[in-house]
Amino acid sequence: MIEFRDYQEKIISDGIGIIKQHRFLYLAMEVRTGKTLTSLGICDEIGAKKVLFITKKKAISSIQSDFELLMPQFELEVINYESLHKIRQTGWDVVICDEAHGMGAFPKPSGRSKKVKNIIFRSDPYIILLSGTPTPEAYSQMYHQVFFIPNNPFAHYKNFYQFANDYVGVVKKKIGGLYINDYSKGSKKIIEAMSPYTINFSQKDAGFVVQTNEHVLEVEMKSSTTSLISKLKRDLVVEGDTEVILADTAVKLMTKVHQLCSGTIKFESGNSMIIDLSKAEFIKKQFRGFKIGIFYKFKEELNAIKEVFGDEICTELDCFNTTDKNIALQIVSGREGISLRRANALVYYNIDFSATSYWQSRDRMTTKDRLKNDIYWIFSKGGIEKDIYKAVIKKKDYTLSHFRRKFINLSSDRTTNTSKKD
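These notes cover the structure that comes with them. Since this is a predicted model, take the numbers as computed values, not measurements.

### What about the overall build of the protein?
Piece 1. Secondary structure summary: the protein contains 17 helices and 18 strands in total.
Piece 2. For 422 residues, the compact-globule formula gives about 22 Å, and the C-alpha radius of gyration of the protein, at 23 Å, lands near that figure.
Piece 3. For the protein, with 422 residues in total, the buried portion stands at 54%.
Piece 4. Residue pairs at least 24 apart in sequence account for 71% of intrachain contacts in the protein once pairs closer than 6 positions are excluded.
Piece 5. Of the roughly 19,800 Å² of accessible surface on the protein, 47% is carried by carbon and sulfur atoms.
Piece 6. Considering the protein, the positive charge centre built from 63 side chains and the negative charge centre built from 50 side chains are found 5 Å apart.

Right, dumping it as structure tokens:
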């Protein structure tokens, strides 16, 4: 049976007081500080009998393992957000929403938050929200994380727009010649309003002393790949015998260049293809003898990794933890809720446009006892990846405006036609 750390015992004690008073609790605990076990400990202490734990698919096995180690007195069902429509059972004593910031879309609620709302409505349970980054991009993201909770501090607002009147500095943003409302400028008063329901806890608070070392390694791609990128940027179309690469908008050009820089392409038909294995071959040679976690962005990149690594690669956490195989994970699906503590290093086959993806995924190896993390970024020489990296390390998403400044000079009429997708 697992024992809680001292700080977890205190959070459990404080959390019980909050949840009994307000019927919900937000555990804003940074990654690797043990928010899953802490939330399960709270459920056990309040005498819950039936607990529903909602998370991402990749994290299910890890949560079930924590439950088995803890051996609490309640029944637990773990399910991913996408499968919530399968839940027919009611009478949950506690519902735990992992990676709750994923419900933070605005101004309209996401499908994910609507499904959770339906579960809450049918059971009226205690609610525990978990996230290491509750509002990674804007304070406005908090509203739809809690709007389905009866006692939330914004419950008297009928919808997000009424909430925004008091908590958001709404500005007009010009897109494609039209002005739309930008609701991203949420006030810090949102976080202050949530403070009675929230326990914040950082890795520093837990005594983590890990040093994260990032290394940028450049790969020479095939000359045919660089020539293809140059032709696409010049002509905005490349026609083959049976397939076409079309980049008739700035958004599509940015995406196609991003794919090609790592050696894959998705054609206009929807088919995709590996055109260059240079990155995968470099990684296999460079990290031979190491147990690594590889993060990729585009689906076809996984096929390139599998082609080069063969039986030395897997895509499931259980396999990674119980064998000598390396693991390949898509950045967005692997950036949250899982631990890659058994990895010697993280290797990025490609990089995501999102600053959130950067900060969350790079922390997958961190544990309280680990003193050093090594992270390797594999970029093509002269490619788009380094420019994306410069943006996300400053906590800024890489956008079309970055791409235009560095890589293209479209005519004014073409830019106007594509700006609606910016």
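### What about the sheet that holds strand S8 (residues 198–201)?
Piece 1. The six strands lie next to each other as S3-S2-S4-S5-S1-S8, forming an open sheet whose pairing is parallel. Two strands lie at the open edges of the sheet, namely strand S3 (75–80) and S8, each paired on one side alone. The sheet shows a mean angle of 15 degrees between the axes of neighbouring strands, direction not considered.
Piece 2. Where strand S1 (residues 24–29) meets S8, four bridges bridge the pair, whose relative direction is parallel. Residue Met29 lies in a different strand from S8, and its bridge partner there is Phe201.
Piece 3. Across the sheet, helix H3 (residues 60–70) is in contact with strand S2 (50–55) and S3; its angle to S3 comes to roughly 170 degrees.

### Observations concerning unusual backbone geometry
Negative phi is the rule for most residues except glycine; trans is the rule for most peptide bonds.
Piece 1. At the junction of Phe106 and Pro107, the peptide bond is cis and its omega measures out at 5 degrees in the coordinates.
Piece 2. Its location among the elements puts Pro107 in the loop between strand S4 (94–97) and helix H4 (111–123).
Piece 3. Despite not being glycine, Leu236 shows a phi value in the positive range, around 65 degrees.
Piece 4. Tracing the backbone through its elements, the reader meets Leu236 in the loop between helix H8 (223–235) and strand S10 (237–239).

### Some remarks on the packing of helix H9 (residues 250–260) against helix H16 (residues 400–407)
Piece 1. For the pair H9 and H16, the least separation of the axes is 10 Å and the interaxial angle reads 75 degrees. Classed by the angle they form, the pair H9 and H16 counts as roughly perpendicular. Side by side, H9 and H16 meet where Ala250, Val251, Leu253, Met254 and Val257 of the first sit next to Leu400, Phe403 and Arg404 of the second.
Piece 2. Here the residues of the contact of H9 with H16 are counted per class, giving seven nonpolar, no polar and one charged.

### Focus: the pairing of strand S5 (residues 126–130)
Piece 1. Where burial is concerned, most of S5 is hidden: four out of the five residues are buried.
Piece 2. Summarising the sheet, S4 and S5 pair through four bridges and their orientation is parallel. From the neighbouring strand, Val94 faces S5, where its bridge partner is Tyr126.
Piece 3. As for the winding sense of the linkage, the β-α-β connection from S4 through H4 to S5 is right-handed.

### Here's the deal with the side chain of Ser123
Piece 1. Position of Ser123 among the secondary structure elements: in helix H4.
Piece 2. Residues contacting Ser123, with those up to four places away along its chain left out, are Thr90, Gly91 and Trp92.

### Things to note about the environment of Asp166
Piece 1. Looking at where Asp166 falls in the secondary structure, it is placed in helix H6 (residues 160–167).
Piece 2. Residue classification places Asp166 among the partly exposed residues on the basis of a relative accessible area of 44%.
Piece 3. Ignoring sequence-local partners within four residues, the contact set of Asp166 consists of Tyr157 and Lys189.

### Things to note about the side chain of Lys35
Piece 1. Relative to the helices and strands, Lys35 is located in helix H2 (residues 35–45).
Piece 2. Here Lys35 sits buried without a salt bridge, and the closest side chain of opposite charge, Glu99, lies 4.6 Å off (N-O distance).

### Examining the sheet that holds strand S18 (residues 372–380)
Piece 1. The strand order S9-S18-S17-S14-S16-S15 describes an open sheet built from six strands, whose pairing is parallel. Two strands in the sheet have a free side with no partner beyond their single neighbour: strand S9 (211–219) and strand S15 (313–314).
Piece 2. Direction of pairing for strand S14 (residues 292–296) relative to strand S16 (residues 326–330): parallel, over a ladder of four bridges. In the sheet register, Ile294 faces S16, and the bridge partner there is Ala328.

### Observations regarding the packing of aromatic side chains
Piece 1. Counting across every chain of the model gives 27 aromatic pairs.
Piece 2. Considering the side-chain rings of Tyr358 and Trp377, the 5.7 Å spacing of their centres and the 25 degrees angle between planes classify their relative orientation as stacked. One end of the pair, Tyr358, is in helix H14 (residues 355–361); the other, Trp377, is in strand S18, with 19 residues separating them in the sequence.
Piece 3. The exposure class assigned to Tyr358 is buried, which follows from its relative accessible area of 5%.
Piece 4. Judged by its relative accessible area of 1%, Trp377 falls in the buried class.
Piece 5. Counting every residue linked through ring pairs, the aromatic cluster contains Phe106, Tyr143, Phe147, Phe148, Phe154, Tyr157, Phe160, Tyr161, Phe163, Tyr167 and Tyr183.
Piece 6. If you follow Lys279 out to its NZ or CZ, it ends over the ring of Tyr349, 6.0 Å from the centre.
Piece 7. Here Lys297 stacks its cationic end above the ring of Phe298, 5.4 Å away from the centre of that ring.

Scoring rules and cut-offs
- Residues numbered from 1 in each chain as written.
- Predicted model: local features only at pLDDT ≥ 70, side-chain atom pairs only at ≥ 80, totals over all residues.
- Heavy atoms only, no water.
- Helix = DSSP H or I, 4+ residues; strand = E, 2+ residues; numbered from the N terminus.
- Rg over C-alpha atoms; globule rule 2.2 N^0.38 Å.
- Buried < 20%, exposed > 50% of the residue type's maximum accessible area, 1.4 Å probe, protein only.
- Contact = heavy atoms within 4.5 Å.
- Areas by Shrake-Rupley, 256 points an atom, 1.4 Å probe, with all protein chains shown as cover.
- Lys, Arg positive; Asp, Glu negative; His and termini not counted.
- Charge placed at Lys NZ, Arg CZ, Asp CG, Glu CD.
- Pairing = 2+ DSSP bridges.
- Axes fitted to C-alpha atoms, helices over the stretch in contact; angles between N-to-C directions.
- Parallel < 35°, antiparallel > 145°, perpendicular 65-115°, else oblique.
- Nonpolar A, V, L, I, M, F, W, Y, C, P; charged D, E, K, R; others polar.
- Right-handed = clockwise from strand over helix to strand, strands pointing away.
- Salt bridge = Lys/Arg side-chain N within 4 Å of Asp/Glu carboxyl O.
- Phe/Tyr/Trp six-rings, centres within 6.5 Å; stacked < 30°, edge-to-face > 60°.
- Lys NZ or Arg CZ within 6 Å of the ring centre and 35° of its normal.

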